[in-house]
Amino acid sequence: MSYKADDIMDVCLLAGEIMLKYGAETYRVEETLERMARAASFSNVHCFATTTGIFLSFEEKKEKEDLMQMVRIDDRMQDLNKVTEVNQVSREFVSGIISVNDAREKLEQIAKAPMQYPLWLIHLAAGVAGSGFSYLFGGGWFDLIPAFLAAMVSSLVVVEFERYLKVRFAAEFTAAFCGGTTAILLVFIGLGNSLDQIIIGSLMPLVPGVPLTNAVRDLMSGDLLAGVSRGAEALLTSLAIASGIALTISIFV
Amino acid sequence: MEVIAQLLITFIATVAFGIIFSVPKRALLIGGAIGMVTWGVLQGGLYFGASSVFSTAVASLTAAAAAHFLARRIRIPVTTLAIPGILPLVPGSRAYFTMLSFVEGDYLRGLEFGVETMLRAGAIAAGLVFALAIFSYGKGIGHRYEPNR
């Protein structure tokens, strides 16, 4: 099997870009790209990925020059389904089931594909998760309904504001503020008893679960740069949520 | 009865969180089941008198180990199972009371809650790391010296 180096470079970087953008760990991106390039029988393969960019270099033939490219990743989203699909494509490519053209087609499809779950289902799930956790943190059965509504409001606000606000943490701040306000309002008009638990439930959909887990994983596999930057992202998100809810409480309670 | 209701709610909430993170469909229910087991282990630890931090660490280890094992079986990235699995352990209520105490000016109580939040988060991380260490056994090459050379 011999492929043109340029094709392999494009396919590898496309795969890496999708994975990193939609919330894969750094070590997984590096390992996948190195495996794919090696499977295409290139030597001297090196990949370096951080949270915001990927470098990939390899050698085509001994007397030829080495190839080296980078991509910059600006957006970071959470869509673990796309990570899984890219993982599957790379696995098939490495074991020789599909050719490089098939791999590129599949990756482009994945990149273009819409979200796996529709937006209304995500908001509904946010409500269910919020009300469930408000019960687990000590709320009563009667608190399920206001927690559901408040969590749904915060999920709605974070998704809608991220379309307009470029600053990442502003949307989370606003969402925490709106969710907390809804919770306080609902308790004020007599729906729900334990205010604290309802507010906690309304914040649960905003928890930065993906960066938090990836930060631990990256730090432990030796990607210190990526791990620290992901940890900083998770910390900033949590601080934005905390200050949003602090503002609500100082104003309304 | 109370325990069964809690486990059921944990399952539903974890599956809902899987939808928020867009976990693939075939991993949704498995992630929910792991979350349920995690909550069960946490409550079991507390019931037998272990401290909350220790129970969290053990529950996190259980969740991460189950995630590693099952992710290998159905061939998907570990994170798709590990993230829903550890979510029931997130110290949301401690973090909230930390913030509440600081807003009310009760700094001492806030620090108390804050330390517990940090310790629990650290316990979750420790569980993840231990599971990783167990499941990558035999892949080490030495960190300080190169004994095999």
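Residues numbered from 1 in each chain as written. Chains lettered and ligands numbered in written order. Predicted model: local features only at pLDDT ≥ 70, side-chain atom pairs only at ≥ 80, totals over all residues. Heavy atoms only, no water.

According to the UniProt record, the Subcellular location (unreviewed entry) comment for chain B reads "Cell membrane". Looking at chain B in UniProt, the text filed under Sequence similarities (unreviewed entry) is "Belongs to the ThrE exporter (TC 2.A.79) family." (UniProt positions renumbered as here; feature names shortened; annotations may be inferred.)

The Sequence similarities (unreviewed entry) comment attached to chain A in UniProt states, word for word, "Belongs to the ThrE exporter (TC 2.A.79) family." Recorded in UniProt for chain A, the comment headed Subcellular location (unreviewed entry) runs: "Cell membrane".

Caption draft 1: Highlighting the environment of B:Ile124. Residue and element names in this part refer to chain B. Topologically, Ile-124 is positioned in helix H6 (residues 107-135). Among the residues examined, Ile-124 registers a relative accessible area of 9% and is labelled buried. Counting along the chain gives 70 residues from Ile-124 to Phe-54, while the straight-line C-alpha distance between them is 9.7 Å. Excluding anything up to four places from it in sequence, Ile-124 contacts Thr-56, Ser-60, Ile-86, Leu-89, Val-90 and Pro-91. (Helix = DSSP H or I, 4+ residues; strand = E, 2+ residues; numbered from the N terminus. Buried < 20%, exposed > 50% of the residue type's maximum accessible area, 1.4 Å probe, protein only. Contact = heavy atoms within 4.5 Å.)

Caption draft 2: How the structure looks around the domain arrangement of chain A. Residue and element names in this part refer to chain A. With domains assigned, chain A is organised as domain 1 (5-112) and domain 2 (119-252). Tallying the contact residues gives 12 residues for domain 1 and 12 residues for domain 2. Contact between domain 1 and domain 2 buries roughly 1100 Å² in total, counting both sides, with carbon and sulfur atoms accounting for 47%. When the area that domain 1 buries against domain 2 is broken down by residue, the three leading residues are Tyr-27, Thr-51 and Arg-76, summing to 44%. Inspection of the region where domain 1 meets domain 2 yields 1 salt bridge. Close ionic contact of Glu-233 with Arg-76 constitutes a salt bridge, the shortest N to O distance being 3.2 Å. In this structure, the connection of domain 1 to domain 2 is made through 7 residue pairs in polar contact (both at pLDDT 80 or more). In terms of residues, the side of domain 1 that touches domain 2 owes the most to one element, helix H2 (residues 26-39), which gives 3 residues. Residue classes in the side of domain 1 that touches domain 2 are distributed as 4 nonpolar, 5 polar and 3 charged. (Domains from an automatic or database assignment. Buried area = accessible area lost by both parts, 1.4 Å probe. Salt bridge = Lys/Arg side-chain N within 4 Å of Asp/Glu carboxyl O. Polar contact = N/O pair within 3.5 Å; in protein donor to acceptor, adjacent residues only side chain to side chain. Nonpolar A, V, L, I, M, F, W, Y, C, P; charged D, E, K, R; others polar.)

Caption draft 3: Up close: the pattern of salt bridges. Here the structure, examined in full by the defined rule, presents 11 salt bridges over all chains. Here A:Glu92 and A:Lys106 are joined by a salt bridge, their closest N and O atoms 3.2 Å apart. Of this pair, A:Glu92 sits in helix H3 (residues 80-94) while A:Lys106 sits in helix H4 (residues 100-112), and the two are 14 residues apart along the sequence. Judged by its relative accessible area of 33%, A:Lys106 is partly exposed. A cluster of three or more residues bridged by salt bridges with shared partners is formed by B:Arg94, B:Glu116 and B:Arg120.

Caption draft 4: Quick look at helix H2 (residues 25-47) of chain B. In this model, H2(B) (23 residues) spans 34 Å end to end at C-alpha, consistent with the 33 Å of a helix rising 1.5 Å per residue. For H2(B), the set of buried residues is B:Ala27, B:Leu28, B:Gly31, B:Gly32, B:Ile34, B:Gly35, B:Thr38, B:Trp39, B:Leu42 and B:Gly45. If you follow the buried residues of H2(B), they end up packed against helix H5 (119-136) of chain A together with helix H1 (2-20), helix H3 (52-74) and helix H4 (79-86) of chain B. One or two steps after H2(B), the chain reaches B:Gly49, where phi turns positive at roughly 90°. (Expected span 1.5 Å × (residues − 1).)

Caption draft 5: Representation of the UniProt feature "domain: Threonine/Serine exporter ThrE" (unreviewed entry) in chain B in the model. Cross-referencing UniProt, the feature "domain: Threonine/Serine exporter ThrE" (unreviewed entry) maps to residues 6-132 of chain B in the present numbering. The annotated region residues 6-132 of chain B carries 84% helix and 0% strand content, and the separation between its end C-alpha atoms amounts to 28 Å.

Caption draft 6: Layout of the packing of aromatic side chains. On inspection of all chains with the given rule, the structure shows 10 aromatic pairs over all chains. Geometrically, the ring pair formed by B:Phe102 and B:Tyr107 is tilted, given 6.0 Å between the ring centres and 40° between the ring planes. Note on B:Phe102: relative accessible area 35%, which makes it partly exposed. On the accessibility criterion, B:Tyr107 (53% relative accessible area) is exposed. Through successive ring pairs, a cluster of aromatic residues spans A:Phe133, A:Phe137, B:Phe17 and B:Phe21. (Phe/Tyr/Trp six-rings, centres within 6.5 Å; stacked < 30°, edge-to-face > 60°.)

Caption draft 7: Here's a closer look at the UniProt feature "transmembrane region" (unreviewed entry) in chain A. Residues and elements named next belong to chain A. Annotation from UniProt places "transmembrane region" (unreviewed entry) at residues 119-138, 173-192, 198-220 and 232-252. In the segment residues 119-138, helix accounts for 90% and strand for 0%; the C-alpha atoms at its two ends are 29 Å apart. Taken as a whole, residues 198-220 contains 78% helix and 0% strand, while its terminal C-alpha atoms sit 35 Å from one another.

Caption draft 8: Examining the environment of B:Tyr137 more closely. All names here are of chain B. Tracing the chain through its elements places Tyr-137 in the segment after H6. A relative accessible area of 76% places Tyr-137 in the exposed class. With 79 residues separating them along the chain, Tyr-137 and Val-58 place their C-alpha atoms 19 Å apart.

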